[in-house]
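# Understanding the architecture of this molecule
Given next are the chains, with one letter for each unit.
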Amino acid sequence: MNEMIPPQPTQPALRLGTPDAAMLRPRADDPARIEAYIPSPCVQNHAAQIMPLRDGSLGCVWFGGTQEGIPDISVYFARLEPGVDRWADPVKLSDDATRSEQNPILFPTPGGDLWLLHTAQLGGNQDTALVRRRISTDDGRSWGPAETLIEPGPGYGVFVRQPPVVTADGRWLLPVFRCITPSTGKWVGDHDTSAVHVSADQGRTWTVHEVPGSTGCVHMSIVPLEGGFAGFFRSRWADSIYVSRSADGEAWSVPEPTVLPNNNSSIQALALADGRLAMVFNASRVADATGGRLGLYDDIGEDDTPTAPGEGRTAFWGTPRAPMTLARSAHAGCSWVQQDLDVGDGFCMTNNSKDKLNREYSYPSVAQTADGMLHVAYTYFRRAIKYVRVSPDSAWCMDRLVGAERLGRVEAHLLS
């Protein structure tokens, strides 16, 4: 790709897709922060998910190709070996010439296998999506055949974005969202809902549990809390991150807005080892938009492009996908302290990477390793996956306290 990365102070410009860009290096203005750009042969790279693996390495998956919704979009996997200062070259893990294969996730099962899950859809029609699975028994160094795990339903496709959560009693909770076919026109996300697939037999069989009142709430990210679970959602309305709560992971409350904004782009929450929560997201909402799009796939050249929105609440596309924000909460998500990892205009009125038109930071994923460090991977202008390593306690901006009014009285030392 060889796209220029803006130089940091005292550092030369790098080129995406070159060995230099894949090297881990400290950020010039914050040496405690380590950064790299994961190598890829693709013009477009999007929707990363990062996961610590049992052999001590970090694994990262994403989708790449010409542009989201085009059938050359496939899943890629790269590895950062322990003690190594460069991300390895990626390998392609899917190659269906008839479908756009998207939203990959890695799931290290309690039994030692590593699952790859991803979606596969026809063109820009997410209501045709199914979920596929491949299994590795050696931490992703080799993979078994692809198989369909979840078929589309009558009038909807099924999407994943977040990895399953294993409960204390051994059940697996896999959050999904359903892309509903509208009564007229193409899918644009107006009617999408969420559900949790639950397995009590290590993924052999599943039961489905709807999240009530979840229209417009997608990308559910489940975290364990004292006494149950919380599920955080992206909002199709581009207003707020929403949250639902459950005592058992099966019966969920109606999602309610949190104090954090959302721009109809992906989020991810994580329960940290010390009991706090971390969240990665774009700190922007529809009020920050200067224009809107007809839909996510309105520029891939399909004949039946979306029509203008009709009556009723509609998904909003085009809110800036920036800044890339990392937040933490010591109060089960009632209040948050934030820092920005990347700032810019977040222009996403097109997904075009070939002509370098898109400038979004988006679709973040966050993981924590045994040493306490946080590892974040996210889309950089849809042309690369950026990797950032930070301490959960470094460079937190105490003046960016969000949601204190919900606690009645919050003192800064409580959040340190």
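Computed from a predicted structure; not experimentally measured.

### Some thoughts on the overall build of the protein
Of regular secondary structure, the protein possesses 1 helix and 29 strands. Among the 416 residues that make up the protein, the fraction classed as buried is 59%. Here the contacts in the protein between residues at least 6 apart in sequence split such that 55% fall between residues at least 24 apart. For the protein, the accessible surface area stands at approximately 15600 Å², while carbon and sulfur atoms represent 53% of it.

### Here we look at the environment of Tyr-380
Structurally, the position occupied by Tyr-380 is in strand β27 (residues 374–380). Sequence spacing of Tyr-380 and Asn-45 is 335 residues, and the spatial spacing of their C-alpha atoms is 8.2 Å.

### Structural notes on the nonpolar core
In a soluble, globular protein the nonpolar side chains are often hidden away together inside. Formed by 21 residues in total, the largest nonpolar core has its most connected members in Leu-341, Tyr-361, Leu-374, Val-376, Tyr-378 and Tyr-380. If you list the elements that add at least two residues to this core, you get β23 (277–282), β24 (324–329), β26 (361–368), β27 and β28 (384–390). Here the element with the most residues in this core is β27; it accounts for 4 residues. Contacts of Tyr-361, omitting those with residues within four sequence positions, involve Asn-282, Arg-321, Ala-322, Met-324, Asp-342, Val-343, Gly-344, Tyr-378, Thr-379, Tyr-380 and Phe-381. Residues Ala-22, Ile-50, Ile-385 and Tyr-387 belong to the second largest nonpolar core, which totals 19 residues.

### Remarks on the side chain of Asp-201
On the secondary structure map, Asp-201 appears in the loop between β16 (193–199) and β17 (207–210). Within the buried core, Asp-201 has no salt-bridge partner, and the shortest N-O distance to an opposite charge, that of Arg-204, equals 4.5 Å. Only 2.5 Å separates the side chain of Asp-201 from the side chain of Thr-205, close enough to count as a polar contact.

### Things to note about the sheet that holds strand β6 (residues 58–65)
As summarised here, the arrangement of the 4 strands in space is β5-β6-β7-β8, forming an open sheet in which the pairing is antiparallel. At either margin of the open sheet sits one strand with a lone partner, and together these are β5 (44–52) and β8 (91–92).

### Some remarks on the sheet that holds strand β21 (residues 256–261)
Spatially, β18-β19-β20-β21 is the arrangement adopted by the 4 strands of the open sheet, whose pairing is antiparallel. The open sheet is flanked by β18 (217–225) and β21, the only strands paired with a single partner. Ignoring strand direction, the axes of neighbouring strands in this sheet form an average angle of 30°.

### Details of the packing of aromatic side chains
As enumerated under the stated definition, the model contains 15 aromatic pairs in all. Ring geometry for Tyr-361 against Phe-381: centres 5.4 Å apart, planes inclined by 35°, an arrangement best described as tilted. Of this pair, Tyr-361 sits in strand β26 while Phe-381 sits in the loop between β27 and β28, placing them 20 residues apart in sequence. Taking relative accessible area as the criterion, Phe-381 reaches 14% and is therefore assigned buried. Its guanidinium or amino end placed over the ring of Trp-115, Arg-133 lies 4.5 Å from that ring's centre, counting from NZ or CZ.

### Re the confidence of the model for the protein
With 89% of its residues at a pLDDT of 70 or more, the protein has an overall mean of 90. Below pLDDT 50 for its whole length, residues 1–12 participates in 35 contacts with residues either more than four positions away or in separate chains. Note on residues 404–416: pLDDT is under 50 here. Beyond four places in sequence and across chains, it has 23 contacts.

### What to know about the environment of Thr-325
If you trace the backbone, Thr-325 turns up in strand β24. A residue is classified by how much of its surface remains accessible, and Thr-325, at 0% relative accessible area, is buried. Along the primary structure Thr-325 and Pro-364 are separated by 39 residues, whereas in three dimensions their C-alpha atoms are 9.1 Å apart. Once residues within four sequence positions are removed from consideration, Thr-325 is found in contact with Met-279, Val-280, Phe-281, Ala-283, Gln-338, Gln-339 and Asp-340. In this structure the side chain of Thr-325 is engaged in a polar contact, spanning 2.8 Å, whose partner is the side chain of Asp-340.

### Looking at the pairing of strand β15 (residues 172–180)
Extensive coverage of β15 is indicated by the burial of 8 of its 9 residues. Alignment of strand β13 (residues 156–159) against β15, held across 4 bridges, turns out to be antiparallel. Each residue of the ladder has a partner; that of Val-158, found in β15, is Arg-178. Strand direction decides the pairing type here: strand β14 (residues 165–166) and β15, joined by 2 bridges, are antiparallel. Among the inter-strand pairings, Val-166 is bridged to a residue of β15, identified as Trp-172. Bridge count for β15 against β16 is 7 bridges, and the pairing is antiparallel. The residue bridging Arg-178 from the neighbouring strand is Thr-193, located in β16.

### What to know about unusual backbone geometry
Going from Ala-322 to Pro-323, the amide bond is cis rather than trans, its omega being -5°. Looking at where Pro-323 falls in the secondary structure, it is placed in the loop between β23 and β24. Positive phi is not limited to glycine here, since His-219 has a value of about 60°. In the Ramachandran plot, Arg-382 falls in the positive-phi region, its phi being about 55° despite a non-glycine side chain. Mapping Arg-382 onto the fold places it in the loop between β27 and β28. Exposure remark for Arg-382: the relative accessible area of 0% places this residue in the buried category.

Cut-offs and rules
Positions within a chain are numbered from 1, following the residues in the order the chain's sequence is written. Under the rules for a predicted model, residues below a pLDDT of 70 receive no local features and side-chain atom pairs below 80 are neither given nor counted, while totals for whole chains, interfaces and linings still include all residues. Excluded from the side-chain calculations are hydrogens and water; all other atoms, namely the structure's heavy atoms, are used. Counting from the N terminus, the helices are DSSP H or I runs at least four residues long and the strands are E runs at least two residues long. Only protein chains enter the accessibility calculation, which uses a 1.4 Å probe; a residue whose area is less than 20% of its type maximum is buried, one above 50% is exposed, and one in between is partly exposed. We call two residues contacting when some pair of their heavy atoms lies within 4.5 Å. Using a 1.4 Å probe, accessible areas were evaluated by the Shrake-Rupley method; residue-level cover was limited to the displayed protein chains. The nonpolar core is taken to be a set of buried Ala, Val, Leu, Ile, Met, Phe, Trp, Tyr and Cys residues, with the residues joined through side-chain atoms within 4.5 Å. Charge convention: Lys and Arg are scored as positive, Asp and Glu as negative, and His as well as the terminal groups of each chain are ignored. Salt bridge, as applied in this entry: a Lys or Arg side-chain nitrogen positioned within 4 Å of an Asp or Glu carboxyl oxygen. Between N or O atoms, a polar contact is any pair within 3.5 Å; within protein, one atom must be a potential hydrogen donor and the other a potential acceptor, and residues adjacent in sequence are included only when both atoms are from side chains. By the convention used here, strands pair only if DSSP detects at least 2 bridges between them. Note on geometry: axes are C-alpha line fits, over the in-contact stretch for helices, and angles between N-to-C directions span 0 to 180 degrees. Note on aromatic contacts: the rings of Phe and Tyr and the six-membered ring of Trp form a pair at centre separations within 6.5 Å, being stacked when their planes are under 30 degrees apart, edge-to-face when over 60 apart, and tilted otherwise. Any Lys NZ or Arg CZ found within 6 Å of a ring centre and within 35 degrees of that ring's normal is scored as a charge over the ring. Residue-level confidence of the predictor, termed pLDDT, takes values from 0 up to 100.

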